[in-house]
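# Structure assessment
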Amino acid sequence: QVQLVESGGGLVQAGGSLRLSCAASGSIGSINTMGWYRQAPGKQRQLVATITSADNTDYTDSVKGRFTISRDSTKNTVYLQMNSLKPEDTAVYYCAAGTLRGLVRSFNYWGQGTQVTVSS
């Protein structure tokens, strides 16, 4: 069993920055990839960014150059640094953890979600 606890959400003005944190605990030895999803009202859940145990990263096109995913293995924590925020970034953000096997990624564990609101 893996537990994910998120923090760092809140209200920020357009153009501002915010950093989300996700602390993992439990049987974390089974995890080799983590990511961030978001879901805005009336829209489908969207994969925002991923990171592997080898520090390979990937981003959806709409956040490239603005968001950075990183990890601190000594703290069992993954971060999402969000800069130049736009109102369209407003969503509930979810941390996810799982396994990457070959080219197939499976997210088996999820955080509770944290609200990010960007005002115009």
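In what follows, the accompanying structure is described.

Each value, and the rule that gives it
Residues numbered from 1 in each chain as written. Predicted model: local features only at pLDDT ≥ 70, side-chain atom pairs only at ≥ 80, totals over all residues. Heavy atoms only, no water. Helix = DSSP H or I, 4+ residues; strand = E, 2+ residues; numbered from the N terminus. Rg over C-alpha atoms; globule rule 2.2 N^0.38 Å. Contact = heavy atoms within 4.5 Å. Areas by Shrake-Rupley, 256 points an atom, 1.4 Å probe, with all protein chains shown as cover. Lys, Arg positive; Asp, Glu negative; His and termini not counted. Charge placed at Lys NZ, Arg CZ, Asp CG, Glu CD. Pairing = 2+ DSSP bridges.

### Concerning the overall build of the chain
In terms of helices and strands, the chain carries zero helices and 11 strands. Mapped in sequence order, the helices and strands of the chain form the string β-β-β-β-β-β-β-β-β-β-β. Its C-alpha radius of gyration of 14 Å places the chain within 12% of the 14 Å reference for a compact globule of 120 residues. Dimensions of the chain along its principal axes, counting C-alpha atoms only, are 40 × 25 × 25 Å. For the chain, the proportion of contacts with a sequence separation of at least 24, taken over those separated by at least 6, is 54%. Of the roughly 6,500 Å² of accessible surface on the chain, a fraction of 46% belongs to carbon and sulfur atoms. The average position of the 11 basic charges and that of the 7 acidic charges among the side chains of the chain differ by 3 Å.

### Some words on the pairing of strand 3 (residues 18–26)
One face of the sheet, then the other: side chains in a regular strand alternate in exactly this way. Sheet topology note: the strand 1 (residues 2–7)/strand 3 ladder contains six bridges and is antiparallel. Its bridge partner being in strand 3, Glu 6 is matched across the sheet by Cys 22. Two strands pair when backbone bridges link them, and strand 3 and strand 8 (residues 77–82) are joined in this way by six bridges, in the antiparallel orientation. Directly across from Leu 20, in strand 8, lies its bridge partner Leu 80.

Any functional reading would require information beyond the geometric quantities listed.
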